[in-house]
Amino acid sequence: QVQLVESGGGLVQAGGSLRLSCAASGRTFSSYAMGWFRQAPGKEREFVATISWSGGNTDYADSVKGRFTISRDNAKNTVYLQMNSLKPEDTAVYYCAGHLSPVLSATPIDYGYWGQGTQITVSS
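Procedures and definitions
- Residues numbered from 1 in each chain as written.
- Predicted model: local features only at pLDDT ≥ 70, side-chain atom pairs only at ≥ 80, totals over all residues.
- Heavy atoms only, no water.
- Helix = DSSP H or I, 4+ residues; strand = E, 2+ residues; numbered from the N terminus.
- Rg over C-alpha atoms; globule rule 2.2 N^0.38 Å.
- Contact = heavy atoms within 4.5 Å.
- Areas by Shrake-Rupley, 256 points an atom, 1.4 Å probe, with all protein chains shown as cover.
- Lys, Arg positive; Asp, Glu negative; His and termini not counted.
- Charge placed at Lys NZ, Arg CZ, Asp CG, Glu CD.
- Pairing = 2+ DSSP bridges.
- Axes fitted to C-alpha atoms, helices over the stretch in contact; angles between N-to-C directions.
- Buried < 20%, exposed > 50% of the residue type's maximum accessible area, 1.4 Å probe, protein only.

A few words on the overall build of the protein chain. Per the secondary structure count, the protein chain includes zero helices and 11 strands. Of the regular secondary structure in the protein chain, the N- to C-terminal order runs β-β-β-β-β-β-β-β-β-β-β. For the protein chain, whose C-alpha radius of gyration is 13 Å, the value lies close to the compact-globule estimate of 14 Å for 124 residues. Across the protein chain, contacts joining residues at least 24 apart in sequence account for 59% of those joining residues at least 6 apart. Of the accessible surface of the protein chain, which amounts to about 6,200 Å², a share of 48% is contributed by carbon and sulfur atoms. Side chains of the protein chain carry 10 positive and 9 negative charges; the gap between the two charge centres is 6 Å.

Structure below.
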């Protein structure tokens, strides 16, 4: 079992940066691939980024590639999402998620554990 709590959300101007953190409790965090998803009002939840249990493999949505970076620190049971060059279309609730698999996934249904979400608002 893994419990996930996101932090770091807020309001930022277009072109700015934010770093999200996701703190995990549970003794098997390092066994989980982790992902970030987001959901804007009236839209489906969409994939943002994912990272393997070791941190050695990552994948990104095309819309954030080159601007966002996912990383993790297994010693701190924390996964991060560094977001640079933010755009108004990045506005959404961002969710951290975990799944017990060596295979990276961009599909929400593959993730069994979710945080409560944190709001990111990018003003133009």
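Read on for the rest.
Before going further, it helps to spend a moment on the sheet that holds strand β1 (residues 3-7). The pairing of strands in a sheet happens through backbone hydrogen bonds and is either parallel or antiparallel. Judged by pairing direction, the sheet is antiparallel, and its four strands sit side by side in the order β1-β3-β8-β7 without closing on themselves. What marks the edges here is a single partner per strand, and that holds for β1 and β7 (68-73). Within the sheet, the average angular offset between the axes of one strand and its neighbour, ignoring direction, is 15 degrees. The pairing of β7 with strand β8 (residues 78-83) spans six bridges and is classified as antiparallel. Across the sheet, the residue bridging to Arg72 is Val79, located in β8.

In terms of burial, β8 is a largely internal element, five of the six residues being buried. Bridging between strand β3 (residues 18-25) and β8 involves six bridges; their strand directions are antiparallel. Across the sheet, Arg19 pairs through a bridge with Gln82, a residue of β8. Between β7 and β8, which pair antiparallel one after the other, the connecting turn spans four residues, and Asn77 there sits at a positive phi close to 55 degrees.

Right, let's get into unusual backbone geometry. One non-glycine residue with positive phi stands out, namely Asn77, at about 55 degrees. Counting through the fold element by element, Asn77 comes out in the loop between β7 and β8. Overall, the relative accessible area of 22% leaves Asn77 in the partly exposed class. The phi torsion at Ser85 lies on the positive side, around 50 degrees, for a residue other than glycine. Assignment of secondary structure puts Ser85 in the loop between β8 and β9 (92-99). Classification of Ser85 by relative accessible area gives partly exposed; the value is 41%.

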